[in-house]
Amino acid sequence: MHSLLAQPAMRSFAFWYLILVAKMLVVVVMTSLARIRSGTFATPEDYKFQGVEKVATEPNPDVERARRALQNDLENILPFFGVGLIYALTEPSLLFARIYFAGFALARIAHTIAYLRGMQPHRTIAFAVAQILLVLMVVTTLWKVL
Amino acid sequence: MHSLLAQPAMRSFAFWYLILVAKMLVVVVMTSLARIRSGTFATPEDYKFQGVEKVATEPNPDVERARRALQNDLENILPFFGVGLIYALTEPSLLFARIYFAGFALARIAHTIAYLRGMQPHRTIAFAVAQILLVLMVVTTLWKVL
Amino acid sequence: MHSLLAQPAMRSFAFWYLILVAKMLVVVVMTSLARIRSGTFATPEDYKFQGVEKVATEPNPDVERARRALQNDLENILPFFGVGLIYALTEPSLLFARIYFAGFALARIAHTIAYLRGMQPHRTIAFAVAQILLVLMVVTTLWKVL
């Protein structure tokens, strides 16, 4: 193992980032299942491939919900990869690093669950917690690299 | 601070990447504000949560504009994280690295402003400058890792 | 060159990631060309800028196809950047690393070609191969950082 990953903060970052990618992969699979269950596909060749003759004229609510949850992940979890990695490179306090990484990851997992189940205000709270932690990481790290 | 971040090119990369994430977070907040101002939400539970009874039948132009600006960021700024990081690891000339990173970041900030204000050809010029710098970084880095 | 990039597994990762970013940039250009060819733009200022008077009332199939191919890249190639980088940091067997990185990249290139040409089941097979390799990398890496 490279010495970078031997550092506890970097290791904590790697762990939580991988958990979040696994979570995103679950939403990808759920989107496909919602497409198959509802018979709603994006292209003519998919209808043919799945043997579905009736082309849906409207988007399916379950498919759209899963897609929006994933889109929100792209906007938040993917920027986090860069931010968390650079933050871990600043060799922060391990306690703070763990709170930031675990807090962000758990808030994003709660966000997905709340989005898929249509739970408000839970979704907004989870979103806000993750955003605030991300902003704190950005500000702390900017301060250190200046 | 880890020795990686002590390198000037990596530090310049970290600085500009964090500025770009901060810029993306501003667009995220602007999208939410445009939703609230126009009363246009994505899900039934959001209408209920916000106490808006009249469900919008059409997408709101301001919301869609902010979303498209952010989508364009996902397609350009997120790939840049990997490209810029690997480029910085090749230990390039500090002058070139600074021109690439600052140029890309400033062009992407200009792109967002031009998108939100509907300014053409400014948006296309800003987009093209960022794309050309990204292509140059990809080609230079590929050449070095081959 | 930094010692990180001197490691063969990291170098293989950097090479294939850069190839995938180059592939994404090609799809971005193809989307713009499809917009210009079909006269379908996203904003009023683009119609004015391109001198197209007739505003399209429906999305163009070629534009939407290229956009969906790119969206699928965002959902798969961008998370791969983090996963592949952390996996390379675990100093894996070079043979396995090369199989994972080249396999993922070639499957994603095949996915784009199949998507743009409407080829099924080729697209689903390419998608599944890349997903399985990504899951294997996530699981292997999680195991090592635990």
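Figured I'd write up the structure that's included with this text. Sequence order as written defines the numbering, with residues in each chain counted from 1. Starting at A for chains and at 1 for ligands, labels are handed out in the order in which the entities are written. Owing to the predicted nature of the model, reporting of local features is limited to residues with pLDDT of at least 70; listing and counting of side-chain atom pairs is limited to 80 or more, with chain, interface and lining totals taken over all residues. Hydrogen atoms and water are omitted, and side-chain values are computed over all heavy atoms in the structure.

### Considerations on the overall build of chain A
Here is step 1: A helix here means a DSSP run of H or I that spans at least four residues, while a strand means a run of E at least two residues long, and both kinds are numbered starting from the N terminus. What chain A contains, in helices and strands, is six helices and zero strands.
Here is step 2: Starting at the N terminus, the α and β elements of chain A follow one another as α-α-α-α-α-α.
Here is step 3: Values of the radius of gyration come from C-alpha atoms, whereas the globule rule sets the reference at 2.2 Å times the count of residues to the power 0.38. Whereas a compact globule of 146 residues would reach a radius of gyration of roughly 15 Å, chain A reaches 19 Å, over 25% beyond that.
Here is step 4: When the backbone C-alpha atoms are referred to their principal axes, chain A occupies close to 60 × 40 × 25 Å.
Here is step 5: In this scheme, a residue with accessible area under 20% of its type's maximum is buried, one over 50% is exposed, and one in between is partly exposed, where area comes from a 1.4 Å probe on protein chains only. Split into buried and exposed, the 146 residues of chain A put 55% on the buried side.
Here is step 6: Should any heavy atoms of two residues lie within 4.5 Å, those residues are considered in contact. In chain A, of all internal contacts separated by at least 6 residues, the share reaching a separation of at least 24 is 70%.
Here is step 7: In short, Shrake-Rupley with a 1.4 Å probe defines the accessible areas, and a residue's cover is counted only from the protein chains shown. When the accessible area of chain A is evaluated, it comes to approximately 6500 Å², of which 66% is carbon and sulfur surface.

### What to know about the packing of helix 2 (residues 8-38) of chain A against helix 5 (residues 94-117) of chain A
All names here are of chain A.
Here is step 1: Interaxial angle, 0 to 180 degrees, is taken between N-to-C directions of lines fitted to C-alpha atoms, where a helix line uses only the stretch in contact. Viewed as axis vectors pointing N to C, helix 2 and helix 5 meet at an angle of 5 degrees, and their least axial separation amounts to 8 Å. If you check the angle between helix 2 and helix 5, you find them roughly parallel. The residues of helix 5 that touch helix 2, namely those facing Pro8, Ala9, Ser12, Phe13, Trp16, Ile19, Leu20, Lys23, Val27 and Met30, are Leu94, Ala97, Arg98, Phe101, Ala102, Phe104, Ala105, Leu106, Arg108, Ile109, Thr112 and Leu116.
Here is step 2: As a working rule, the residues Ala, Val, Leu, Ile, Met, Phe, Trp, Tyr, Cys and Pro are called nonpolar, Asp, Glu, Lys and Arg charged, and the rest polar, with Gly in that last group. In terms of residue class, the contact of helix 2 with helix 5 is built from 17 nonpolar, two polar and three charged. Roughly parallel here means an angle under 35 degrees, roughly antiparallel means over 145, roughly perpendicular means 65 to 115, and every remaining angle is called oblique.

### A look at the packing of aromatic side chains
Here is step 1: Centre distance within 6.5 Å is the pairing criterion for rings of Phe, Tyr and Trp, where only the six-membered ring of Trp is used; planes under 30 degrees apart are then read as stacked, over 60 as edge-to-face, and the remainder as tilted. Applying the stated rule across the entire model yields 39 aromatic pairs over all chains.
Here is step 2: An angle of 85 degrees between the planes, with centres 5.8 Å apart, marks the rings of Phe81 of chain A and Phe81 of chain B as edge-to-face. Here Phe81 of chain A, found in helix 4 (residues 61-89), pairs with Phe81 of chain B, found in helix 4 (residues 61-89), and the two come from separate chains.
Here is step 3: Residue Phe81 of chain B is classed as buried on the basis of its relative accessible area of 3%.
Here is step 4: Each ring, one from Phe15 of chain C and one from Trp16 of chain C, has its centre 5.0 Å from the other, and the planes form 80 degrees; the classification is edge-to-face.
Here is step 5: Taking relative accessible area as the criterion, Phe15 of chain C reaches 21% and is therefore assigned partly exposed.
Here is step 6: Over the ring of Tyr115 of chain C we find Arg123 of chain C, and its NZ or CZ is 4.2 Å from the ring centre. Note on geometry: a ring has a charge over it if NZ (lysine) or CZ (arginine) is within 6 Å of the ring centre and within 35 degrees of the ring normal.

### What to know about the interface of chain A and chain C
Here is step 1: In this complex, chain A contributes 27 residues to the contact, which on the side of chain C involves 33 residues.
Here is step 2: What gets called buried area is simply the loss in accessible area from a 1.4 Å probe that two parts show on being joined, summed for both. Of all residues in chain A, His2, Leu18 and Glu45 of chain A give up the largest surface area on contact with chain C, accounting jointly for 22% of the area buried on that side.
Here is step 3: Where Asp46 of chain A meets Arg123 of chain C, a salt bridge forms, and the shortest distance between an N and an O atom there is 2.9 Å.
Here is step 4: In protein, a polar contact requires one atom able to donate a hydrogen and another able to accept it; more generally it is a pair of N or O atoms within 3.5 Å, and residues adjacent in sequence count only if both atoms are side-chain atoms. In this assembly, chain A and chain C are joined by eight residue pairs in polar contact (both at pLDDT 80 or more).
Here is step 5: Every element with two or more residues in the side of chain A that touches chain C is listed here: helix 1 (3-6), helix 2, helix 3 (44-50) and helix 4 of chain A.
Here is step 6: Among the elements that line the side of chain A that touches chain C, the one with the most residues is helix 2 of chain A, at eleven residues. One side-chain nitrogen of Lys or Arg within 4 Å of one carboxyl oxygen of Asp or Glu is enough to make a salt bridge.

### Points about the nonpolar core
Here is step 1: We define the nonpolar core as a collection of buried residues of types Ala, Val, Leu, Ile, Met, Phe, Trp, Tyr and Cys that are connected through side-chain atoms lying within 4.5 Å of one another. Judged by nonpolar contacts, the single largest core of 126 residues is most densely connected at Phe101 of chain A, Phe101 of chain B together with Phe101 of chain C.
Here is step 2: Ignoring any residue separated from it by four or fewer positions in sequence, one finds Phe101 of chain C in contact with Ala9, Ser12, Phe13, Trp16, Phe80, Gly84, Tyr87, Ala88 and Met137 of chain C.

### Some remarks on the relation of the copies chain A and chain C
Here is step 1: Overlay of chain A on chain C (RMSD 0.0 Å): rotation 120 degrees, translation along the axis 0.0 Å. One copy is carried onto the other by what is essentially a three-fold rotation axis. When the copies are superposed, the least-squares fit draws on C-alpha atoms of residues that have pLDDT of at least 70 in both.

### Remarks on a nonpolar patch on the surface
All names here are of chain A.
Here is step 1: To count toward a patch, a residue needs a relative accessible area over 30% and no salt bridge; like charges are then connected within 9 Å, while nonpolar side chains (Val, Leu, Ile, Met, Phe, Trp, Tyr) are connected within 5 Å. A surface patch of nonpolar side chains, amounting to about 260 Å² of accessible area, comprises Val29, Leu33 and Ile36.
Here is step 2: If you trace the backbone, Leu33 turns up in helix 2.
Here is step 3: Under the relative-accessibility criterion, Leu33 is labelled partly exposed at 44%.

### Structural notes on the interface of chain C and chain B
Here is step 1: Taken together, the contacts link 27 residues of chain C with 33 residues of chain B.
Here is step 2: Across the chain C/chain B interface, buried area totals approximately 2600 Å², and carbon plus sulfur atoms make up 73% of it.
Here is step 3: Here chain C is connected to chain B by three salt bridges.
Here is step 4: Secondary-structure elements contributing two or more residues to the side of chain C that touches chain B are helix 1 (3-6), helix 2 (8-38), helix 3 (44-50) and helix 4 (61-89) of chain C.
Here is step 5: Top element by residues in the side of chain C that touches chain B is helix 2 of chain C. It accounts for eleven residues.
Here is step 6: Considering only residue class, the side of chain C that touches chain B consists of 21 nonpolar, three polar and three charged.

### Quick look at the side chain of Asp73 of chain A
Here is step 1: Position of Asp73 of chain A among the secondary structure elements: in helix 4.
Here is step 2: With residues up to four places along the chain from it excluded, the contact list for Asp73 of chain A reads Lys23, Met24, Leu78, Arg108 and Thr112 of chain A.

### Let's talk about the packing of helix 4 of chain A against helix 5 of chain A
What describes two packed helices is the angle between their axes and the distance between those same axes.
Residue and element names in this part refer to chain A.
Here is step 1: At a closest axis distance of 10 Å, the pairing of helix 4 and helix 5 adopts a crossing angle of 175 degrees. On the basis of the axis angle, helix 4 is roughly antiparallel to helix 5. Contacts between helix 4 and helix 5 involve Arg65, Ala66, Arg68, Ala69, Asn72, Asp73, Asn76, Ile77, Phe80, Gly84, Tyr87 and Ala88 on the former and, on the latter, Phe96, Ala97, Tyr100, Phe101, Phe104, Arg108, His111, Thr112, Tyr115 and Leu116.
Here is step 2: Within the contact of helix 4 with helix 5, the residues separate by chemical class into 13 nonpolar, five polar and four charged.

### Notes on unusual backbone geometry
Here is step 1: Of the consecutive residues Gln120 of chain A and Pro121 of chain A, the connecting peptide bond is found in the cis state with omega at 5 degrees.
Here is step 2: Along the chain, Pro121 of chain A turns up in the loop between helix 5 and helix 6 (122-145).
Here is step 3: Positioned with a positive phi, Glu91 of chain B is a non-glycine residue whose angle comes to about 50 degrees.
Here is step 4: Among the secondary structure elements, Glu91 of chain B is positioned in the loop between helix 4 and helix 5 (94-117).

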